[in-house]
Amino acid sequence: MGATRVIETLVLSLLLLLSSSSATQRKKTRAAPRMPCKQMVFYFHDILYNGENAKNATSAIVGAPAWGNRTILAGQNHFGNVVVFDDPITLNNNLLSIPVGRAQGFYLYDRKDYFTAWLGFSFFFNSTQHRGSITFAGADPLNKTRDISVIGGTGDFFMARGIATLMTDAVEGDVYFRLQVYIKLFECW
Amino acid sequence: MGATRVIETLVLSLLLLLSSSSATQRKKTRAAPRMPCKQMVFYFHDILYNGENAKNATSAIVGAPAWGNRTILAGQNHFGNVVVFDDPITLNNNLLSIPVGRAQGFYLYDRKDYFTAWLGFSFFFNSTQHRGSITFAGADPLNKTRDISVIGGTGDFFMARGIATLMTDAVEGDVYFRLQVYIKLFECW
Amino acid sequence: MGATRVIETLVLSLLLLLSSSSATQRKKTRAAPRMPCKQMVFYFHDILYNGENAKNATSAIVGAPAWGNRTILAGQNHFGNVVVFDDPITLNNNLLSIPVGRAQGFYLYDRKDYFTAWLGFSFFFNSTQHRGSITFAGADPLNKTRDISVIGGTGDFFMARGIATLMTDAVEGDVYFRLQVYIKLFECW
């Protein structure tokens, strides 16, 4: 009798547990804590073409509003400028250290009254350490630190999802900037 | 004896339940019904720069085909025009109501024989109500209502995925349009 | 007494199972094997506007670096060229076979020293066979075969995620290319 009652309680509580867990799964609402399954820090270096640095430039203005051109970033906080880039990725903040991959894609400036950007790009790796790509997209308010989304990956980063915290690590006029990218993946396969 | 048999049945059925649930999880094939874990409706307002509205414009043509320019949308259904925008987001369809965020990114017209577009943009929020971003991408056939993908999010919308149903709520020539965006998230963390 | 001990063991092992499964779910770390839940192969055909093929062209240069223009792809491996396209999708490699959908979006060339591209586009279907869209993004190193990410979907491809293996199936000068796209979805709803 005592055993039967224990079993009944057991069955009920387990069914409760199971049903709540399966409901969670269907809706994919997850509880804290949010622990990344993979974390990495990289830097990338952008040297913008300005009419005089064709050899060193890693990026170029390819779109501009009617009031701008493709050699000098436009007024009004560069609103409307679209820049295509192929920037070296390094493990530290030294532009001259050996690249471990390439940051490739575009950014555009999208606000008239102060600096904000929108980014669509990938980190592309083809070395013994990392092989594959991580793709990012999102609004960049250009604060001290800001998050964008990791929307996909291939190879070593197959099906990756997560966020990347960007920090502008250096700026030299309109020609050079360096970003620190702290990648936190929350979906790893 | 009776108790032992009940336990056996219990163990078997629970193992069965558990194994089926873990198989589901691996393949991530989900059954109906598809219930959003979060739903929201917003409006955003796009005022395209046309050479005369520099002060009010929230967007600008930054790319055009060889037969177009950056002040007037091109012929052939604007095929090839790329527009960068920073549009106010409101809770209702009134352009003058207080913005709750900014819609930032780009759209491009991609079809010669009728209107279609492709969108890459984010909703960016920085208020007491919402803090963070939602990023969207996808083809926009410019039907009465159409779905695009929610591909990521940050902050309050960390790791968001889902769809957004767009509805063009108003159009005034080539200068102004207003979109209703009905966001349905199916992955919430 | 025996029954009680069995129950205790049962409770413990089940709790263990449940907790480990819920931990897996939170981190979403998945084990091999990686089996797609859906696989499809398509071709799409890109005919680039070159100033003389306005009628047949399915794509156009809409962005170029300062040293380029919008009729001829720029030197330095077309670095900085942005192309908007609306290309027919076919089930085989014949340009003239009946399209089953449209590939719509953009690609840009992003490297000076050899050919690489970055892609943001959707497959848009509106037939009895497929209705909905699949959205792709990522770096394209333009190797023999390469993977990009499937970042979202709508309609029949609601919430799709996965990868697409691209293979350049034909190239004719700067005017025509054909891509084979082998889509492998790993998240299907």
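Going by the structure above, here's the rest.
Below or above, wherever it landed, is the structure these notes cover. (Residues numbered from 1 in each chain as written. Chains lettered and ligands numbered in written order. Predicted model: local features only at pLDDT ≥ 70, side-chain atom pairs only at ≥ 80, totals over all residues. Heavy atoms only, no water.)

**Notes on the overall build of chain A**
Assigned secondary structure in chain A consists of one helix and nine strands. In chain A, the succession of α and β elements from N to C terminus is α-β-β-β-β-β-β-β-β-β. Split into buried and exposed, the 189 residues of chain A put 59% on the buried side. Of the contacts formed within chain A by residues at least 6 apart in sequence, a portion of 45% connects residues at least 24 apart. Counting every atom, chain A has about 7900 Å² of accessible surface; 57% of that belongs to carbon and sulfur. (Helix = DSSP H or I, 4+ residues; strand = E, 2+ residues; numbered from the N terminus. Buried < 20%, exposed > 50% of the residue type's maximum accessible area, 1.4 Å probe, protein only. Contact = heavy atoms within 4.5 Å. Areas by Shrake-Rupley, 256 points an atom, 1.4 Å probe, with all protein chains shown as cover.)

**Notes on the pattern of salt bridges**
For the coordinates displayed, the defined rule picks out 21 salt bridges over all chains. Between D113(A) and R111(A) there is a salt bridge, and its shortest N-O distance comes to 2.7 Å. What makes R111(A) buried here is its relative accessible area of 11%. Two residues, D169(C) and R178(C), come together in a salt bridge whose shortest N-O distance is 2.7 Å. A relative accessible area of 26% means that D169(C) is categorised as partly exposed. Residues joined by salt bridges that share partners form a network here, namely R161(A), E187(A), R161(B), E187(B), R161(C) and E187(C). (Salt bridge = Lys/Arg side-chain N within 4 Å of Asp/Glu carboxyl O.)

**Side note on unusual backbone geometry**
The phi torsion at Q76(A) lies on the positive side, around 55°, for a residue other than glycine. Tracing the backbone through its elements, the reader meets Q76(A) in the loop between β2 (59–63) and β3 (82–90). Judged by relative accessible area, which is 38%, Q76(A) ranks as partly exposed. In this structure, M159(C) takes a positive phi of about 65° despite not being glycine. Mapped onto the elements of the fold, M159(C) is located in the loop between β7 (145–155) and β8 (161–172).

**As for the state of the cysteines**
All names here are of chain B. The full count for this structure, using the stated rule, is three disulfides over all chains. The residue that forms a disulfide with C37 is C188, at a sulfur-sulfur distance of 2.0 Å. On the sign convention where negative is left-handed, the bridge of C37 and C188, at about 90° about the S-S bond, is right-handed. Of the two residues, C37 is situated in the loop between α1 (2–27) and β1 (38–47) and C188 in the segment after β9 (176–187); the sequence distance between them amounts to 151 residues. A relative accessible area of 11% means that C188 is categorised as buried. (Disulfide = S-S within 2.5 Å.)

**Remarks on the nonpolar core**
Residues F106(A), F106(B) and F106(C) are the most contacted members of the largest nonpolar core, which totals 41 residues. Residue contacts for F106(C): discarding those within four places in its chain leaves F106(A), F106(B), L108(B), W118(B), V82(C), V83(C), V84(C), F85(C), W118(C), L119(C), G120(C) and F121(C). (Core = buried A, V, L, I, M, F, W, Y, C linked by side-chain atoms within 4.5 Å.)

**Focus on the pairing of strand β3 (residues 82–90) of chain B**
Residue and element names in this part refer to chain B. Most of β3 sits inside the fold, with nine of its nine residues counted as buried. Pairing of β1 with β3, which is carried by two bridges, proceeds in the antiparallel orientation. Among the inter-strand pairings, F44 is bridged to a residue of β3, identified as I89. Direction of pairing for strand β2 (residues 59–63) relative to β3: antiparallel, over a ladder of four bridges. Bridging from a neighbouring strand, G63 pairs with V82 of β3. In this sheet, strand β4 (residues 101–109) lies alongside β3 in antiparallel orientation, the contact comprising eight bridges. Opposite D86, over in β4, you have Q104 as the bridge partner. (Pairing = 2+ DSSP bridges.)

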